[in-house]
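Survey of secondary and tertiary structure
The chain contents come next:
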Amino acid sequence: MNGEQATDLSSHPMAFLLEGDFGLKVPKMGEICTGHIVSISGNHILVDIGAKSEGLVDPREIEQLESDERDTLEIGTEVKVLVTDPEDSRGTISLSIQQAIMAEEWNKARELLKSGEKIEVTIAGKNRGGLLTNIGMLRAFVPASQLGLSQHEIRNEQALAFFQGKKLTAKVIEVEPDRNRLILSAQEAGLATKREKRLERLAELKERSVMKGRVVNIERFGIFVDIGGIQGLVHLSELSWTRISNPEHHYSIGDEVEVYVLSIDEEKARIALSIKKLMEDPWKTAEGVYQQGDLVHVSITKIEKYGAFAVIEGGIPLEGLLHLSEISNEKVDHPSQIMKKGDEFMVKIIKLDMKNRQLGLSLKEAEVTAEVVDA
């Protein structure tokens with residue numbers, strides 16, 4: 001029988017006699033089988049895998065084994081073997097213990113890739129491209145770009161030498177047995193750890209709780225605050241009861257702040273925080289303090305084409321609107337013709353709706369009132 005005919009005996013018309021009548025199986029090339037050692041003679045080991053005849057483990061494998069490894073192979077010992085040839089020219093089933101072990105190692109590597117599980121490895125060496133290690137019997141490689149180092153550190157050989165002999169937590173990111181390629185990433189493992197810690201921290205947080213934190217980033221739309229290893233956003237609208245146009249004018253990186261947890265979105269891993277919730281609401285304390293017709297001193301906080309926003313100074317800081325039509329008795333096309341942010345004026349309260357938090361102001365009526373008083 002030639003090699004091609006022996007490659008797949010399961011298709012032979014008499015194969016049913018082996019599998020059916022006698023309960024014997026026909027092994028296939030590359031199949032991993034579990035069997036028992038039935039004979040040992042020098043470097044020749046026969047293994048019963050339930051086929052029509054025992055299989056022979058490649059004697060060269062036995063020669064390469066250390067003495068203590070060879071001593072573990074005894075008659076009756078259960079072993080896993082890979083079928084390298086279902087029937088050679090002498091009608092013998094050729095087996096390999098080493099290839100069976102390696103095949104299972106690659107299967108484990110595939111499972112690690114699929115599951116995304118983090119593993120701990122010991123760095124055995126390095127080359128110009130990264131670090132060398134092992135997963136079981138497989139040689140694995142951690143590219144320098146997957147170590148989470150800066151470009152300067154990657155180019156520095158001492159930075160890679162630092163890892164020699166040390167343990168590293170990594171994830172499998174590539175598995176290619178045909179190319180003997182097994183790639184790991186410490187950077188991916190680090191990101192996974194951060195995500196896990198963030199999710200754990202999220203689970204611990206409670207809405208409506210008050211926490212201390214530190215400002216770690218400032219954007220035009222708000223500030224990011226670290227509250228014990230997890231970051232949340234204080235939106236511009238939640239920084240203060242008064243209008244803030246640029247957070248950088250009020251906060252710096254490293255500032256310690258107290259925040260109120262507004263909401264927690266575990267699915268998106270987002271936390272909404274508030275600082276103004278911990279401040280006294282000026283609209284609740286202004287009841288009865290101001291009345292329509294009062295003259296108040298204000299500071300301009302924002303300019304829009306339809307008017308300007310201003311906050312009351314020297315008292316309870318309510319913010320109101322100075323409409324374009326209330327800026328001057330003269331024709332004004334844009335508030336910037338008369339005022340700019342930070343300017344201070346005496347204005348008259350022409351509308352005060354505490355329920356809806358609306359404050360209407362007038363500069364031109366304040367000027368008329370002032371003229372009447374002066375007269």
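Criteria and cut-off values
Residues numbered from 1 in each chain as written. Predicted model: local features only at pLDDT ≥ 70, side-chain atom pairs only at ≥ 80, totals over all residues. Heavy atoms only, no water. Core = buried A, V, L, I, M, F, W, Y, C linked by side-chain atoms within 4.5 Å. Buried < 20%, exposed > 50% of the residue type's maximum accessible area, 1.4 Å probe, protein only. Helix = DSSP H or I, 4+ residues; strand = E, 2+ residues; numbered from the N terminus. Contact = heavy atoms within 4.5 Å. Patch = residues over 30% accessible without salt bridge, like charges linked within 9 Å, V, L, I, M, F, W, Y side chains within 5 Å. Areas by Shrake-Rupley, 256 points an atom, 1.4 Å probe, with all protein chains shown as cover. Salt bridge = Lys/Arg side-chain N within 4 Å of Asp/Glu carboxyl O. Lys, Arg positive; Asp, Glu negative; His and termini not counted. Charge placed at Lys NZ, Arg CZ, Asp CG, Glu CD. Phe/Tyr/Trp six-rings, centres within 6.5 Å; stacked < 30°, edge-to-face > 60°. Lys NZ or Arg CZ within 6 Å of the ring centre and 35° of its normal.

**A look at the nonpolar core**
Counting residues in hydrophobic clusters, the biggest one holds 23 residues, and the most contacted among them are Tyr 290, Val 298, Leu 318, Met 339, Val 347 and Leu 361. Of all elements in the fold, only β17 (295–304), β18 (307–312), β20 (344–353) and β21 (358–362) reach the threshold of two or more residues within this core. Apart from residues lying up to four places away in sequence, Leu 361 is in contact with Val 298, Ala 310, Gly 320, Leu 321, Leu 322, His 323, Glu 326, Val 347, Lys 348, Ile 349 and Ile 350. Counting residues in each nonpolar core, the second largest holds 22 residues, with Leu 138, Val 142, Leu 147 and Ala 186 among its members.

**Some points on a negative patch on the surface**
Taken together, the side chains of Glu 66, Asp 68, Glu 69, Asp 71 and Glu 74 present a region of like negative charge at the surface. By secondary structure assignment, the location of Glu 69 is in helix α4 (residues 67–71).

**Section: the packing of aromatic side chains**
Throughout the structure, instances matching the rule amount to three aromatic pairs. Measuring from ring centre to ring centre gives 6.1 Å for Phe 221 and Phe 224, while their planes differ by 90°; the resulting arrangement is edge-to-face. According to the relative accessible area criterion, Phe 221 is partly exposed, its value standing at 39%. Both rings, one in Tyr 306 and one in Phe 309, keep their centres 6.4 Å apart while their planes meet at 90°; by these two values the pair is edge-to-face. Judged by its relative accessible area of 15%, Phe 309 falls in the buried class. The ring of Phe 309 has Arg 243 lying over it, and the distance from NZ or CZ to the ring centre is 4.0 Å. Looking at Lys 276, its charged tip hangs above the ring of Trp 241, at a distance of 4.6 Å from the centre.

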